[in-house]
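Letter by letter, the chains look like this.
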Amino acid sequence: MASLGIPANTIAVLQKYGFQFQKKYGQNFLIDTHVLEKIISESEITADDCVLEIGPGIGTMTQYLAENARHVVCVEIDDHLIPILKETLSAYENVTIIHGDILKTDVKALCDTYNEGKPLKVVANLPYYITTPIIMGLFESHVPLSSITIMVQKEVADRMQETPGTKDYGALSLAVQYYAKPEIVANVPPNCFMPRPNVGSAVIRLTRYDKPPVEVQDEKKMFALIRAAFNQRRKTLVNAVSNAGIYGQQLGDAAYRPWNEKQGIDKKRQQDEPGSLYDKCAAEHIEQTVANDEQMEAQHKKQCGEKAIAEQYAHQREWHSD
């Protein structure tokens with residue numbers, strides 16, 4: 001029976017193995033049974049499902065998943081946690097432990113091996129600094145998925161489900177909503193974790209669309225266009241695209257004028273009114289979000305000095321600088 005959601009049991013396991021939290025992995029273990037039960041309920045796990053868990057930690061949520069799913073495949077990067085997982089999950093025959101980096105793991109192969117190529121359900125308590133690369137990596141690789149239910153930073157969850165016309169709506173909102181329907185199903189305070197994070201968290205369920213809401217010929221070019229537009233929010237779309245060099249050359253207004261006229265778009269309306277309250281609030285929010293990412297990146301690089309940290313944050317900033 002699942003037992004690690006009880007703080008005393010988690011502490012006992014950590015002390016037994018002398019485990020030290022690795023800040024470079026952004027480890028914050030859940031210690032609240034109500035939150036764990038809520039995640040299992042909202043992820044809609046059934047006895048027919050194969051679940052991919054990213055970053056199982058000491059196996060706290062894995063135990064709950066194993067008691068509800070047909071099979072659970074968990075991928076853990078920290079080699080110090082592998083022996084702990086082998087003990088805490090020893091009673092569950094339907095769990096496969098894989099030691100590896102999810103960003104370098106062939107998830108399609110896991111799907112073929114453990115679920116006959118049918119869609120997986122992803123459930124995870126993700127490290128905040130690498131949330132976006134993991135989510136977008138799963139979506140962009142077109143791995144068979146039916147849903148992704150994850151614990152993330154509250155601010156990021158809000159951005160994922162934002163709608164047009166709000167200051168938080170941006171490239172990440174568009175990207176996630178192109179692939180899935182987002183819904184925040186729970187807000188989780190810092191005291192539900194060990195150690196406590198400095199920010200609030202939220203559980204968000206991303207239900208994958210059978211088909212995207214719009215059809216595009218080139219997804220990569222579409223997302224490059226989206227990032228260019230939001231990265232230079234105060235410029236016209238023409239100038240933003242031109243400056244980004246998406247089409248390999250500098251484009252002038254003339255290239256877009258026929259399309260704009262056909263769509264009834266006034267050039268002056270292609271950008272926010274200079275000095276507007278919305279513009280100022282959006283700019284301040286963007287600057288703060290990027291500053292937060294840069295601060296976290298500096299801390300991680302100082303603590304672990306790994307080149308991979310810089311690469312992961314670079315991917316995160318692509319979607320947060322909007």
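Above this text sits the structure in question.
Scoring rules and cut-offs
Residues numbered from 1 in each chain as written. Predicted model: local features only at pLDDT ≥ 70, side-chain atom pairs only at ≥ 80, totals over all residues. Heavy atoms only, no water. Helix = DSSP H or I, 4+ residues; strand = E, 2+ residues; numbered from the N terminus. Buried < 20%, exposed > 50% of the residue type's maximum accessible area, 1.4 Å probe, protein only. Contact = heavy atoms within 4.5 Å. Areas by Shrake-Rupley, 256 points an atom, 1.4 Å probe, with all protein chains shown as cover. Salt bridge = Lys/Arg side-chain N within 4 Å of Asp/Glu carboxyl O. Pairing = 2+ DSSP bridges. Axes fitted to C-alpha atoms, helices over the stretch in contact; angles between N-to-C directions. 1 Å grid on protein atoms, 1.4 Å probe; cavity = no way out; pocket = protein on both sides within 12 Å on 5 of 7 lines; lining within 4 Å. Points joined across faces, edges and corners; volume = space filled by probe spheres on them. Nonpolar A, V, L, I, M, F, W, Y, C, P; charged D, E, K, R; others polar. Phe/Tyr/Trp six-rings, centres within 6.5 Å; stacked < 30°, edge-to-face > 60°.

Visitor: Please clarify how the overall build of the protein should be interpreted in this entry.
Guide: A tally of regular secondary structure across the protein gives 13 helices and nine strands. Taking all 322 residues of the protein together, the buried fraction comes to 50%. Here the analysis covers contacts within the protein between residues at least 6 apart in sequence; of these, 68% occur between residues at least 24 apart. Total accessible area on the protein stands at roughly 16100 Å², and carbon and sulfur atoms take up 50% of it.

Visitor: What's the story with the side chain of Thr62 in this structure? I'm lost.
Guide: With respect to the element layout, Thr62 can be found in helix H3 (residues 60–66). Residues contacting Thr62, with those up to four places away along its chain left out, are Glu53, Pro56, Val72, Cys74, Leu89 and Val95.

Visitor: I tried to follow helix H8 (residues 171–179) on my own but got confused; where do I start?
Guide: Note that an α-helix has 3.6 residues per turn; residues three or four places apart therefore point the same way. Of all nine residues making up H8, seven are buried, and the element is well covered by its neighbours. All of the buried residues in H8 are Ala171, Leu172, Ser173, Ala175, Val176, Tyr178 and Tyr179.

Visitor: When you look at the pattern of salt bridges in this model, what are you seeing that I'm missing?
Guide: If charged atoms from side chains of opposite charge come close, those side chains can pair. By the definition in use, this model includes nine salt bridges. Put simply, Lys16 and Glu87 hold a salt bridge, and the shortest N to O gap is 3.0 Å. Taken together, the residues span a long stretch of sequence, with Lys16 in helix H1 (residues 7–17) and Glu87 in helix H4 (residues 82–88) at a distance of 71 residues. Lys108 serves as the salt-bridge partner of Asp112, at 3.0 Å between the closest nitrogen and oxygen. Pair noted here: Asp112 and Lys108 are both in helix H5 (residues 107–115), with a separation of four residues, about one helical turn. Look at Lys108 and you get partly exposed, because its relative accessible area is 39%. A cluster of three or more residues bridged by salt bridges with shared partners is formed by Lys38, Glu42, Glu183 and Arg205.

Visitor: Please clarify how the sheet that holds strand E9 (residues 201–208) should be interpreted in this entry.
Guide: Adjacent strands of a sheet form backbone hydrogen bonds with each other and so pair up, either parallel or antiparallel. Pairing in this open sheet of seven strands is mixed, and the strands run E4-E3-E2-E5-E6-E9-E7 from one edge to the other. Since the sheet does not close on itself, it has two edges, and those belong to strand E4 (95–99) and strand E7 (180–188), each with one partner. Between one strand and the next, the sheet's axes are offset by a mean angle of 20°, whatever the strand orientation. In this sheet, strand E6 (residues 145–153) lies alongside strand E5 (residues 120–125) in parallel orientation, the contact comprising six bridges. By the bridge assignment, Lys121 is partnered in E6 with Ser147. Running at roughly 175° to E6, helix H6 (residues 131–140) makes contact with strand E2 (50–54), E5, E6, E7 and E9 of the sheet.

Visitor: Could you clarify how one ought to interpret empty space enclosed by the protein in this entry?
Guide: Where empty space is left in the structure can be found by rolling a water-sized probe over the atoms. A complete count under the given rule lists two cavities of 30 Å³ or more for this structure. Looking at the second largest cavity, its volume works out to about 30 Å³. Contributing to the lining of the second largest cavity are Cys50, Val51, Leu52, Val73, Leu110, Cys111 and Leu120. Residue composition of the lining of the second largest cavity, by class: seven nonpolar, no polar and no charged.

Visitor: Would you take a moment to explain the packing of aromatic side chains for this structure?
Guide: How two aromatic rings sit relative to each other is given by the distance of their centres and the angle of their planes. In this structure the tally under the stated criterion is seven aromatic pairs. Summarising the aromatic geometry, the rings of Tyr178 and Phe223 are spaced 5.7 Å apart at their centres and angled 90° between planes, so their arrangement reads as edge-to-face. Of the two residues, Tyr178 is situated in helix H8 and Phe223 in helix H9 (residues 219–231); the sequence distance between them amounts to 45 residues. You can call Phe223 buried: its relative accessible area is 3%. Aromatic pair Tyr179 and Phe223: ring centres 5.9 Å apart, planes at 35°, arrangement tilted. Pair noted here: Tyr179 is in helix H8 and Phe223 is in helix H9, with a separation of 44 residues, a long-range link. A relative accessible area of 2% places Tyr179 in the buried class. Chaining the aromatic ring pairs together yields one cluster made of Phe139, Tyr178, Tyr179 and Phe223.

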